[in-house]
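Observations on chain architecture
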Amino acid sequence: MSDLVIHLRVNGEPRRWTVAPGDLLLDVLRREGYWGVKRGCETGECGACAVLLDGEPVNSCLMFAAQAEGRGLTTIEGIAERDRLDPIQEAFLEHGGVQCGYCTPAMVLCAKALLERSAHPTEAEVREALGGVFCRCTGYKKPVEAVLAAASTGRGGRAPVRAAAARPSRAAARARKEAGR
Amino acid sequence: MSAHRVVGRRARKVDGLKLVTGRTAFTDDIDLPGLLIGKILPSPHAHARIKRIDTRRAKALPGVHAVLTYQDVPRVPHTTAGQAWPEPSPYDTYLLDSKVRHVGDRVAAVAAETRAIAEEALRRIEVDYEVLPAVLDMEHAMDKGAAVIHDEPDSTGIDDAARNLAGEIHRELGSAEQGFRQADLIVEREYRTPRQQHAAIEPHIVICWLDADDRLVIRTSTQIPFHVRRQVAMILQIPVSRIRVIKPRIGGGFGGKQEMVIEDICAALALAARRPVKLEYTRHEEFFMARTRHPQVLRLKMGVKKDGTIVAHHMKVLAATGAYGGHCTTVQGNTGSKVLPLYRAPNLKFDCDVVYVNAPPAGAFRGYGCPQGFFAQESLVDEIAHQLGMDPIAFRLKNAIRQGDTDELSAQLGEGRKGLPRLIRSCGLPQCLARGAEAFGWKTRRTGGRRRPGRVLHGVGLACSMQGSGIAGVDFAGAFFKLNEDGSFNLQVGATDLGTGSDTVLAQIAAETLGVSLDKILIYSSDTDFTPFDVGAYASSTTIISGGAVKKAAEKTRDAVCCFAAKLLDANPEDLTCRDDRVFAPGGKSVTMGEVAMFAFYKEKTQVMEGSSHFNTDSPPPFCAQFAEVEVDTETGQVKVPHLVTAVDLGVAINPMQAEGQAEGAVAQGLGYTLAEEMVLDEAGRVVNANFCDYKIFTAEDMPKLTTILVETEEPLGPYGAKSIAEVPINGVGPAVANAIFDAAGIRLRRLPIRPDAVLAALRAPEAAR
Amino acid sequence: MFDQLRAFHRPSSVAAALRLFASERRAGGRGRFVAGGTDLVVQGDRSLRFLVDLTRLPLRYVKKRGRGWAIGATSTLSDLEHAPALAGLAGGILAEAAGTAGSRQIRTMGTAGGNLANASPASDLAPPLLVLDARLVLAGRGGRRTVPLERFFRGVNRTVLDGGLLVEIVIPPPPAPRGGRGGAAWSFQKLGRLASDIAVVNAAAGVAVDAGGRCTWARIALGAVAPTPMRARRAEAALVGKPFTRAAADAAAAQAAGETRPVTDVRGTAAYRREMSRVLVARALGECLEQLGRPW
C-alpha cells in the first residue's frame, strides 16, 4: 500500500488529501497550510497542536492523518467569522491573554469546546479545559480570565450540545476529595 | 489613572490579531521552494575525541544535499552568548569540532530533502570516538587529575582551562573579616539550585537561504538578531553586509534565545547546499542541545547585630557552566551584584568559581543569576530574623537599600567587566511590602510559630528582590520614524519582541510623545536590513533602553513635524502642542497630523524622518516583594501554593496589562523552579528527563491564585518614568515558598526544587533541618 | 516518525482486523494495533511497517449487561469518565480514575483497551479494574477467550496478547451487602508530582462489611510500584474476617506497602513510593471507613 486518499471536512470545507500511511495529522495540517496548528513537543504533552475533532479537543501530533477520514476538524483558522472575531478571541485580546501567541490557537480551541458544552463554567472547569495546553508566558491567569469573560457575555458558544448536568469535572472531583480531609 | 493618553493604558497588543487568529507569524510559517531540512548529529558521549568521521555513505544517500563535519568548516573560536561586543564570555566554542564536550554536542550536520532522509543520513555517518573520562560533578571539576574539558590551544578568555575553571570573580566592599568581628550573630548556610530548562513552547528554529543578491538571509526565533548577524559573520568568515537577520514572532525565549544556538550551523548548511535550509529542534533536542540555567552551590555567611543590622555578608558561589562558557561570569556576577546590595551592609564579599563540566551548556535565563542568589539570601535573612525574634518585614526594611543610596558593589561587579556605581533614584520597596502584605492578609495569616496541628500544615512566607533595567554603559538601541501621508508613522526599531509585547509598549511610548493614537504607529522590529541596531531583548532593557531611543526619536520627529505645522498655523514651532492626532497653536487653531504630512510631502517636498540612539550609564533596579501561602501535606510531603502575591515597583507602567502578564508568567516559571523543574543527568551525562512528561512545568490546573500589584514610582532614567518588570518577579518565588514552609512546618529546605521526599525527610529529622 | 510505515489498515470488524494483522505478519515486518495512538505514537517505533487501526470497530460502548458491566475496548478515557453507566458503579471509582489520566485531549483520544494493552505499571484504569475483578475478553485467530485482568499483565509494557486483540472489559457485579446494615465502599487515590502526571503511585480499594462491621470482602490494588499493576493480597487477607476499623486499615496499608517492589525514577525514589503506597492505601481504606459510617 502506498499513499492513501482521505476525505474529511476542515472548518466546514470538504477536503481531499493524499497522505502517506505514517503521516501524522499535525504534519499534514501544516503541509496543507493550516499554520495556526503549532508544533511544540510531538509527544502530546504541550497541546500546542490541539485541534477539534468533531468538536472535541485532540492533540494532532498523536493522530494519524488517515484516522481523520470522514471526520470534521476545526482549527483556529475556522474560528473567526469572515469579518468578526469569536468572542473568545476578542476576550483574549481584551484581557491580555495573549503574549507570544504560540499556544493561543490551542487555548482558543479548547475554550471553544468547553463553552459549547458548558456555557457557564466555573474557574476550575476552565483551568481543566486549558490544562492540556502549556503556556510559558502568561502564568495562565489572563487566559482563564478571558475564557470566563467570554462565557459571561453569553456569546462564548452556541447552545450546549449535551446537557450540562451530571458531568462532574475532574477539578470538582479533586476539590471534593481535598475537602474531605 | 494615568495622566497620559496612551502610556498607562491597558492597550491590546498591536500584533494581537494575527496571534489570536493563527495567521502566519512565526518562523516556521513560511513556504520556500526547494526548502531542505537540516539536522545535527549529536554526540552520544559526554566527553570524547572524534578519531575518525566518515560521511561518504551519508552523502551518497539520494536527497542529501550537504554533510558537514569539522573538516569542512572554518575553525573560529567564539562564544554563542548573545552579548555586546567584545563579549565577556570565553571564546571556547567552534562551529564543528573534533572534540565533543557533552552528550548532545555537535558532531556533524546534514541538509536533506525531507526530515526522514535527514535522519537517515545522520544514521549513516560513521564516527569512531576516543571516549574520555567525563567530569560531571561540579564540586570535583577542579580536582587535580580531572579530565581537562578545554585542552585546545586556540580558545581564549578562559580563566584556567587546565583546572576547568571558566571564570572566577572576587570582589569585596569594606572588609568582611572586620565586619564579622562586629557581629552579635553569625549564621552560615549552604543552598543548592538546579538546572532549569526554558521550555519555550516554540523550540529553537531557523531558516537560512541565499536571496536573489546572493546575500545570506537568516529568519530565526531569536532574542538577539544583531548579535547573531555579527556572530555568524565572524564564524563563517563572511562580511556583516552580506547577511540579513529577520526575527518574526517568537514563541517564547526567556533567555534561551539570547544565544546563537543553531543559526551558524544552519547558515553553513545553506551555503554548502546553496538551497534554503530549515533547522528546527525537536522538544527532545531542546533538553540537551540548547541551554540551561546555571546550577549553583551557594555558601552564605551573614553577620548581624542584635538589633538586626547586617554588618557583613560573604557569599561564595560555585556554578557549573556546562561544556561551554557563554554567560559564565555575567550570570554569576549578577548573583553577587544584583543580590548582595539589596541590603546596605557596609562589608560585602563575593567569591565565585564557574567551572566547566561535561553537561549541556548553561546560558541566560530570566533572572540571570538572581533567582539562585535571592533563594539563598532571602532564605537566610528569614532565618536570621526568626532567630532574632524580629518581624521579617521590619528586618528587611531596616536593612534594605533606599532611594538616594549608591550601590557601590555594582561598580566592582559590572556584568563581566568593570561596572558603574548605581544610584538608586527610585525605590518603591517599602510600598511593595506594605501593599503586598495588605493584599495578602499577612498580619492575620502568619502563624508566628503557633501552628495548627493537622495532616496539612498552612504557612506564609515572604521575600524581597531586585534586578536591573538594562546593562549600564553597554546596552543601547536605535529608533527611527518616518511620517506617512495620513499622519501615521512608521517606527523602526531593532528591539526584539519575544512575546513580551515590546512592540506594543514601544508604540505606546511613540504615540504618547507624538500626540497621536496608538493605531497611528506602525511598528516594525528586528530586521537587520530595515531597523536600527538594538542589543536585543535581555537584561530587562527593552522598555527603558529601546523605549528611551523611541522617546528621543519621537521628540525629534515631533519637533520636525511642528516646523511644518508652524507654517500652516502661522505660529512658532516651539509654541505648538501635539495631541489627539492634531497639532495645536496657542490660540486653539489646529491642523490634523495628516494635513501636516500632505503639506510636508507635496508642498515642502520633504520626508519627515528622524532617528536616535540611546543608552544609560546606570541600571535602575525594579523592586519586588512577594508573599506565598503554602499547604504542606505531612503524609506525602507535597507542597501546594494556593495564593501568591507579587508587588512590583516597575517605575511607571507603560502598559499595565502587559506588565501584569510579565509578572504572572515569571511567577509561573518561579513556581516550577521551586517545586517541580530540574534537569536530571545520569552517570554518563545524559539528560534523563528530556521530555515534557518527565520534566514537569506548571499548567493551568497547578497555578495558584495570583495577585499582581503594580507599584508605580517615577524613574528619571526611564521613558515616562519606566524601569522594567520582565525578570524581577521570578526571583522571590523560591524563597517566599521556602520561608512559608518554615512558617508552616518548622523546617528549612535549602535545595531547589523542593521535592516531597525532602520535605518528608526534614519533617522526620527536624533537628538536622532546622 | 513513521516514515517507514507501508500500510495503515482501517478494518470495520474484529475478524477483519485479526485477518489483516495475521496476513501482514506472515508477509514479514513488524506491526501493531493502534487506537488513540497516545502511547504508540509517543513510543515512536520506527521499525513498524504496518498498523491496524481499531477505531472503526464497533467496540465503543459502556453499558450494563445483566447484573454487571461491559466496556468496549475502544471506549475512550473520556467515555469512561462521563459514562452514566459507570457513575454508580463502585462509587464511580473507575470513572474517577479515567478522569485523572492525562489532559482533556489525551482523554478524548486514548482508549481503555489501549491503556490496558500498553501495560504501563502506572495505568490509572488498572487499580480500579483489579479491585472490581475485571475480566478481559481477548479475540484471536482461534476465537475468543476471557482472562482475569490480573493474568493479562506480564511485565512492563508486556501482556499476554500475541497477535490477538483486547475487545471488551467485563465487570462482574460487585459484592452486594447481605441485608441489614452492612455495605460496600470504594476509593481511588492517585499521587502525581503536579495536577496532571503519570502516577507516582496510584491505588484503589474496595471493602464490604456485614451488619456487624466485620469485613467480608476486600480488594487493594496498587500501580506504579511494581512491574505490573498489582493486588496487595496479603493486606486483603489481613482485613477479611476481622472488624473493619481504623487500626485494621492502617495495618493493612503497612502490609500492602510491604508487598510492593517499586523502582526509582524521575517521579520518585523507591523508598518514597513504598511510603506513599502505605499513605494512599491508608487514605483509600479511610475513605471506605467514612463511606461505611465508620470513624476515621
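Remember, it's a predicted structure, so these values are computed and weren't measured experimentally.

**Topic: the overall build of chain C**
A tally of helices and strands in chain C yields 12 helices and 14 strands. The C-alpha atoms of chain C give a radius of gyration of 20 Å, which matches the 19 Å a tight globule of 296 residues would have. For chain C, the spread of C-alpha atoms along the principal axes amounts to about 60 × 45 × 30 Å. Taken across its 296 residues, chain C has 61% of its residues classed as buried. When contacts within chain C are restricted to residue pairs at least 6 apart in sequence, those whose partners lie at least 24 apart make up 62%. With the model as given, the accessible surface of chain C reaches about 10,900 Å², and the carbon-plus-sulfur share is 50%. The average position of the 42 basic charges and that of the 22 acidic charges among the side chains of chain C differ by 6 Å.

**Here's the deal with the interface of chain B and chain C**
Residue-level contacts link 24 residues of chain B with 20 residues of chain C. Of the roughly 1,800 Å² buried between chain B and chain C, counting both surfaces, carbon and sulfur atoms make up 54%. When the buried area of chain B at its contact with chain C is split by residue, T636(B), Q638(B) and K696(B) rank highest and sum to 24% of it. At the boundary of chain B and chain C, one finds five salt bridges. The closest approach of N and O atoms between R267(C) and D694(B), which form a salt bridge, is 2.8 Å. For the pair chain B and chain C, the interface holds 10 residue pairs in polar contact (both at pLDDT 80 or more). When contributions to the side of chain B that touches chain C are tallied by element, the ones reaching two or more residues are α3 (115–123) and α19 (756–764) of chain B.

**Comments concerning the nonpolar core**
One broad rule of soluble globular proteins: the nonpolar side chains tend to lie buried together. Among the nonpolar cores identified, the biggest contains 199 residues, and F627(B) and V737(B) are the most heavily contacted of them. By residue number, the principal contributor to this core is helix α3 (residues 104–117) of chain A, which donates nine residues. Leaving out residues up to four positions away in the same chain, V737(B) has contacts with A628(B), V630(B), V639(B), V641(B), L671(B), T674(B) and L675(B). A495(B), A507(B), L518(B) and V596(B) belong to the second largest nonpolar core, which has 50 residues in total.

**Thoughts on the side chain of T542(B)**
Within the element layout of this structure, T542(B) appears in helix α15 (residues 542–569). Excluding its chain neighbours within four sequence positions, the residues that come into contact with T542(B) are A495(B), S502(B), L506(B), G536(B), A537(B) and G547(B).

**Observations regarding the side chain of R30(A)**
Its location among the elements puts R30(A) in helix α1 (residues 25–31). Owing to a relative accessible area of 7%, R30(A) belongs among the buried residues under this scheme. Residues within four places of R30(A) in sequence aside, it is in contact with W35(A), V37(A), K38(A), R39(A), D28(B) and D29(B).

**Some thoughts on the sheet that holds strand β3 (residues 48–53) of chain C**
Residues and elements named next belong to chain C. Spatial ordering of the open sheet is given by β1-β3-β2, a layout of three strands whose pairing is parallel. With one partner strand each, in any of the chains shown, β1 (7–9) and β2 (30–34) form the two edges of the open sheet. Averaged over all pairs of adjacent strands, the angle between strand axes in this sheet comes to 20°, irrespective of strand direction. Packing against the sheet, helix α1 (residues 14–26) makes contact with β1, β2 and β3, and its axis sits at approximately 170° to β3.

**Brief notes about the pairing of strand β12 (residues 277–280) of chain B**
Residue and element names in this part refer to chain B. Of the two faces of β12, the one holding V277 and L279 and the one holding K278 and E280 are both buried throughout. When strand β1 (residues 36–42) meets β12, the two strands line up parallel, connected through three bridges. Note on β12: the bridge partner recorded for I37 is K278. Two strands pair when backbone bridges link them, and strand β9 (residues 205–210) and β12 are joined in this way by four bridges, in the antiparallel orientation.

**Section: the interface of chain A and chain B**
The interface of chain A with chain B comprises 44 residues on the first partner and 58 residues on the second. Counting the surface lost from both chain A and chain B, the interface buries some 4,300 Å², and carbon and sulfur atoms represent 55% of this. Together, W35(A), Q99(A) and R136(A) form the three largest contributors to the area buried by chain A at its contact with chain B, with a combined 21%. The interface formed by chain A and chain B contains 11 salt bridges.

**Looking at the packing of helix α9 (residues 370–388) of chain B against helix α10 (residues 392–399) of chain B**
All names here are of chain B. Where α9 contacts α10, the two axes come as close as 9 Å, and the packing angle between them is 115°. With respect to their mutual orientation, α9 and α10 come out roughly perpendicular. As for how α9 packs across α10, the hand of that crossing is right-handed. Between α9 and α10, the contacting residues are E378, V381, D382, I384, A385 and L388 on the first element and P392, F395 and R396 on the second. Here the residues of the contact of α9 with α10 are counted per class, giving six nonpolar, no polar and three charged.

**Observations regarding unusual backbone geometry**
Residue and element names in this part refer to chain B. Note the cis peptide between W85 and P86, where omega equals -5°. Here P86 is to be found in the loop between β3 (64–68) and β4 (99–100). In this model, L752 is joined to P753 through a cis peptide bond whose omega is -10°. By secondary structure assignment, the location of P753 is in the loop between α18 (733–745) and α19. With a phi close to 65°, H327 is a non-glycine residue in the positive phi region.

**Looking at helix α16 (residues 593–603) of chain B**
Along α16(B), the positions that sit buried rather than exposed are M593(B), G594(B), V596(B), A597(B), F599(B) and A600(B). Downstream of α16(B) by a residue or two, K605(B) has a phi angle that is positive, lying close to 55°.

**Comments concerning the environment of G363(B)**
Residue and element names in this part refer to chain B. Looking at where G363 falls in the secondary structure, it is placed in the loop between β15 (347–356) and α9. The spacing of G363 and I709 is 346 residues in sequence and 30 Å in space, taken between C-alpha atoms. Aside from chain neighbours lying at most four places away, what touches G363 is E259, R291, T292, H294, G326, H327 and V331.

**A few points about the pattern of salt bridges**
Residue and element names in this part refer to chain B. Applying the stated rule across the entire model yields 102 salt bridges over all chains. Of the charged contacts in the structure, one is a salt bridge between R49 and D151, with a shortest N-O distance of 3.0 Å. Taken together, the residues R49 in strand β2 (residues 48–54) and D151 in the loop between β6 (126–131) and β7 (165–173) connect sequence positions 102 residues apart. R49 gets classed as partly exposed once you look at its relative accessible area, which sits at 28%. Accessibility expressed as a relative area gives 37% for D151, which makes it partly exposed.

**A short note on the sheet that holds strand β8 (residues 185–193) of chain B**
Residue and element names in this part refer to chain B. Here we have five strands laid out as an open sheet, ordered β7-β15-β14-β13-β8, and mixed in their pairing. Bordering the open sheet on either side are β7 and β8, each of which pairs with just one other strand. For this sheet, the mean inter-axis angle between neighbouring strands, taken without regard to orientation, is 5°. As defined by bridge partners, β7 adjoins β15 across eight bridges and the pair is classed as antiparallel. Counted as the bridge partner of G167 is V354 from β15. Contacts from helix α8 (residues 328–337) reach β7, β13 (296–304), β14 (310–322) and β15, with the element oriented near 155° to β15.

**As for empty space enclosed by the protein**
Residues and elements named next belong to chain B. With the rule as written, the count across this model stands at nine cavities of 30 Å³ or more. One number sums up the size of the second largest cavity: a volume of about 230 Å³. Taken together, 20 residues form the lining of the second largest cavity, with T93, D105, R106, R291 and Y324 sitting closest to its centre.

**A short note on the domain arrangement of chain B**
Residue and element names in this part refer to chain B. Domain boundaries in chain B define domain 1 (16–24 + 476–615), domain 2 (36–132 + 201–252 + 257–289) and domain 3 (386–469 + 619–769). Centre-to-centre separation of domain 2 and domain 3, based on C-alpha positions: 37 Å. The partner domain 3 presents 13 residues to the nine residues of domain 2 that form the contact. In this assembly, domain 2 packs against domain 3 so that about 860 Å² is buried in total across both faces, 69% of it on carbon and sulfur atoms. Per-residue buried area on domain 2 facing domain 3 is highest for P88, V103 and F287; these three make up 59% of the total on that side. Linking domain 2 to domain 3 there are zero salt bridges. Inspection of the domain 2/domain 3 interface yields one residue pair in polar contact (both at pLDDT 80 or more).

What counts, and where the lines are drawn
Numbering of residues starts from 1 in every chain and runs along the sequence as written. Chains carry letters from A onward and ligands carry numbers from 1 onward, assigned in written order. Only residues with pLDDT of 70 or above have their local features reported here, since the model is predicted, and side-chain atom pairs are shown and tallied only from 80 upward, although totals for entire chains, interfaces and linings are computed over all residues. The side-chain values count all of the structure's non-hydrogen atoms but skip hydrogen atoms and water molecules. What counts as a helix is a DSSP run of H or I of at least four residues, what counts as a strand is a run of E of at least two, and both are numbered from the N terminus. The reference for a compact globule is 2.2 Å times residues^0.38; the radius of gyration itself is calculated from the C-alpha atoms. Relative accessibility decides the category of a residue: with a 1.4 Å probe and only protein chains considered, values under 20% of the type maximum give buried, values over 50% give exposed, and everything between is partly exposed. By definition in these notes, contact holds between two residues if any of their heavy atoms fall within 4.5 Å. Areas reported as accessible are Shrake-Rupley estimates using a 1.4 Å probe. Residue values count occlusion only from the protein chains shown. As used throughout, the charge tally considers Lys and Arg to be positive and Asp and Glu to be negative, leaving His and the chain termini uncounted. Every charge is mapped to an atom, namely NZ of Lys, CZ of Arg, CG of Asp or CD of Glu. The term buried area refers to how much accessible surface (probe radius 1.4 Å) is lost by two components on association, counted for both of them together. A pairing counts as a salt bridge when a side-chain nitrogen of Lys or Arg comes within 4 Å of a carboxyl oxygen of Asp or Glu. In the analysis that follows, any N or O atom pair within 3.5 Å is treated as a polar contact, provided that within protein one partner can donate a hydrogen and the other can accept it, and provided that, for residues neighboring in sequence, both atoms belong to side chains. We call a set of buried Ala, Val, Leu, Ile, Met, Phe, Trp, Tyr and Cys residues a nonpolar core when their side-chain atoms join them within 4.5 Å. Strands qualify as paired when DSSP identifies two bridges or more between them. Comment: axis = line fitted to C-alpha atoms, over the contacting stretch for helices; angle = value between 0 and 180 degrees taken between N-to-C directions. Oblique is the label for any angle not covered by the other classes, which are roughly parallel (under 35 degrees), roughly antiparallel (over 145) and roughly perpendicular (65 to 115). Note: crossing handedness is left-handed where the near helix turns anticlockwise from the far helix by less than a right angle, and right-handed where it turns clockwise. Each residue is assigned to one class: nonpolar for Ala, Val, Leu, Ile, Met, Phe, Trp, Tyr, Cys and Pro, charged for Asp, Glu, Lys and Arg, and polar for all the others, Gly among them. Only protein atoms enter the calculation, which uses a 1 Å grid: trapped sets of points that fit a 1.4 Å probe without letting it out are cavities, open sets showing protein on both sides within 12 Å along at least five of seven lines are pockets, and any residue with an atom within 4 Å of a point is a lining residue. Grid points are joined across faces, edges and corners, and a volume is the space filled by probe spheres set on the points. Note that domain bounds follow an automatic or database assignment of domains.

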